[in-house]
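Each chain, letter by letter, is given below.
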Amino acid sequence: MKKIYVLLLSAFSFIMLSGCNDWIELEPKDTVANENFFKTKDDFDQAVTGLYSMLRPLDDEAKDGAYFGNLYWEVCADVCMYKNSWTQPWFDISRGELKSVTDNVASLYQKVYAAISWSNTIIEQIEAKQSEFPEDFVNYVKGQAHFVRAICYIRLTSLWGPVPMIDRLYLPSESKLPRSSVDDITNQLIIPDLKIAVSCLEMTPYNNKWGLATKQAAMGMRVRAYLYNKDYENTVEAAKELMELDKTLENSMFLDDYKSIFANSNENNPEILFSLKYVANGTKQGSTFNTPFGSKIPGLPTGSMNGSWATVSILPEFIDSYPLTDGKTVAEGSMVYDSQNKWANRGPRFESTFYIGGYSVVNGMPFTSEYVCGIDAQCAIDYPLNINKGYMNEDKKTEWLQEDESDFIILRYTDVLLMYAEAKTMLGDIDQSVFDILDAVRDRAGIAHVAHTTDPKAMMKIIQDERKWEFAFEGLRYFDIRRWGIAADVINSITSDELYNFGSHKVFVAPANYLWPLPEDPTDANPNLLPNNEGY
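Residues numbered from 1 in each chain as written. Predicted model: local features only at pLDDT ≥ 70, side-chain atom pairs only at ≥ 80, totals over all residues. Heavy atoms only, no water.

Draft legend 1. Expanded view of the packing of helix α9 (residues 215-228) against helix α10 (residues 232-247). Orientation of α9 relative to α10, taken along the N-to-C sense of each, is 160°, at an axis distance of 8 Å. One finds that α9 runs roughly antiparallel with respect to α10. Regarding α9 and α10, the two cross each other, and that crossing is left-handed. Between α9 and α10, the residues in contact are Gln216, Met219, Gly220, Arg222, Val223, Tyr226 and Leu227 and Tyr232, Asn234, Thr235, Ala238, Ala239, Glu241, Leu242 and Leu245, respectively. (Axes fitted to C-alpha atoms, helices over the stretch in contact; angles between N-to-C directions. Helix = DSSP H or I, 4+ residues; strand = E, 2+ residues; numbered from the N terminus. Parallel < 35°, antiparallel > 145°, perpendicular 65-115°, else oblique. Left-handed = near helix turned anticlockwise from the far one by under 90°. Contact = heavy atoms within 4.5 Å.)

This is the structure in structure tokens:
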């Protein structure tokens with residue numbers, strides 16, 4: 001059985017993290033708990049376990065972890081429609097009604113800072129006691145804590161922009177911190193943290209505890225941090241380091257078979273640089289991907305598959321945007337489109353991304369239209385597609401609650417390659433290395449190559465589209481369209497929500513929705529956080 005680092009928070013860790021000061025975790029230095037804990041390797045190991053447990057959402061609304069969201073990011077983007085109005089903040093984000101008092105915005109903000117506070121605690125304790133432990137163990141603890149702190153700040157700045165930068169344990173009297181710029185947070189905290197993680201971590205997880213960060217994960221996240229901060233030169237250089245490392249490996253981090261990336265039996269494959277780990281089989285350490293997002297699955301007991309509760313429909317515009325194997329969409333006059341077999345000739349990437357009614361085969365049985373779930377019945381007939389990508393446990397599931405086996409991928413090596421291509425394009429330095437990456441991605445997808453243009457505007461559109469399809473249902477699209485500044489155009493151009501009865505309409509309000517509002521409670525407690533983001 002695969003080793004997965006998915007232990008629950010210890011009772012002690014929960015107590016340590018349950019308090020807060022002024023809505024940001026600042027854990028006073030004189031806490032009695034710190035004096036009585038952090039004495040043995042087991043103590044530090046348990047602390048790291050607790051830190052990673054804090055990242056994963058386990059609830060069906062994906063909001064009870066510091067790295068919240070999971071598939072709900074697709075609801076926020078131009079990918080899915082979602083009808084349950086009580087599922088917040090995702091429902092309000094999707095229709096352009098996010099506010100500082102929207103349900104769960106404050107708790108999500110606090111959860112990220114709770115993980116940061118625990119990271120700071122671990123860092124301070126291991127630095128104070130590093131002479132008491134073997135060097136490899138100290139490196140493991142330091143590397144993990146710095147990595148998690150860095151990715152939490154990437155999440156914070158991606159959503160809220162400037163936020164307080166908390167890089168140590170503060171006394172309560174120091175708690176009313178102002179916001180720091182994204183540039184300062186990136187260069188003074190995120191990048192240094194990830195450099196420490198790169199230097200401390202190994203290529204394989206410590207003691208084979210899969211789910212912990214590795215050297216490659218830290219290297220890849222450094223690429224993302226630079227790109228999100230629009231530091232394109234350093235994006236290219238950081239990506240090159242990982243690309244050069246890949247050349248030395250016996251097995252490349254770029255897998256040849258797209259479907260195998262997402263197979264439950266292959267979750268520790270080298271293409272996945274970092275993911276949130278889930279495990280089923282009655283442990284209650286699984287996610288609930290199928291409950292809100294899935295279809296029914298042939299071959300599984302009816303009681304274990306609730307379908308999607310008819311709460312989700314994949315947007316027709318998103319489906320129609322995919323090219324067929326000749327590189328053209330139906331609207332562009334694809335020569336391989338067959339009106340009698342309309343979902344054929346789409347390539348392995350498309351077929352691995354969706355379950356297709358009347359076309360896919362699952363567990364050796366036809367995936368017929370009766371298994372398709374969606375909000376609108378006519379849309380389910382016209383577009384009989386549900387989410388695949390390995391999320392729905394095709395061959396094992398004991399019950400529906402917390403029983404989804406599939407990990408949620410945070411970073412893949414292909415993402416690093418396409419971030420490199422994007423940064424090169426933004427620098428006006430489009431060369432053969434960019435073409436080679438796009439050709440490799442298209443070859444694996446089973447799609448004809450893109451034009452080898454050196455026009456930055458044209459190439460940027462190519463990369464934007466490729467990311468849209470390559471990383472479908474991996475939680476990146478919402479962040480991409482916002483950082484590119486195209487979210488308003490993309491989301492407000494959706495018209496299928498007028499044709500079909502999805503129960504709501506897609507709206508993106510610019511400029512307000514390009515950042516989230518700081519929640520009302522923390523701004524009331526700390527006026528130094530004001531003014532709020534534009535539009536709130």
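Next comes the rest of the write-up.
Draft legend 2. Representation of the pattern of salt bridges. Inspection of every chain in the model, using the stated rule, returns 29 salt bridges. The partner of Lys209 in a salt bridge is Asp45, and the shortest N-O contact between them spans 2.6 Å. Note that Lys209 is positioned in the loop between α8 (182-200) and α9 and Asp45 in helix α3 (residues 41-55), a separation of 164 residues in sequence. One exposure class covers both Lys209 and Asp45, and it is buried. The partner of Glu244 in a salt bridge is Lys247, with the nearest N and O atoms 2.9 Å apart. (Salt bridge = Lys/Arg side-chain N within 4 Å of Asp/Glu carboxyl O. Buried < 20%, exposed > 50% of the residue type's maximum accessible area, 1.4 Å probe, protein only.)

Draft legend 3. The arrangement of the packing of aromatic side chains in detail. Summed over the entire model, instances satisfying the criterion amount to 42 aromatic pairs. Ring centres of Phe37 and Phe38 lie 5.0 Å apart, and the angle between their planes is 70°; this geometry places the pair in the edge-to-face category. For the pair Phe37 and Phe38, a shared accessibility class is recorded, and that class is buried. Aromatic side chains Tyr72 and Phe293 sit 4.9 Å apart centroid to centroid with 75° between the ring planes, which places their arrangement in the edge-to-face category. Taken together, the positions of Tyr72 in helix α4 (residues 72-76) and Phe293 in helix α11 (residues 290-293) put the pair 221 residues apart, joining distant regions of the chain. For Tyr72, a relative accessible area of 2% corresponds to the buried category. Accessibility expressed as a relative area gives 3% for Phe293, which makes it buried. Its guanidinium or amino end placed over the ring of Phe68, Arg155 lies 5.6 Å from that ring's centre, counting from NZ or CZ. Positioned above the aromatic ring of Tyr170 is the side chain of Arg168, whose terminal nitrogen or guanidinium carbon lies 3.9 Å from the ring centre. (Phe/Tyr/Trp six-rings, centres within 6.5 Å; stacked < 30°, edge-to-face > 60°. Lys NZ or Arg CZ within 6 Å of the ring centre and 35° of its normal.)

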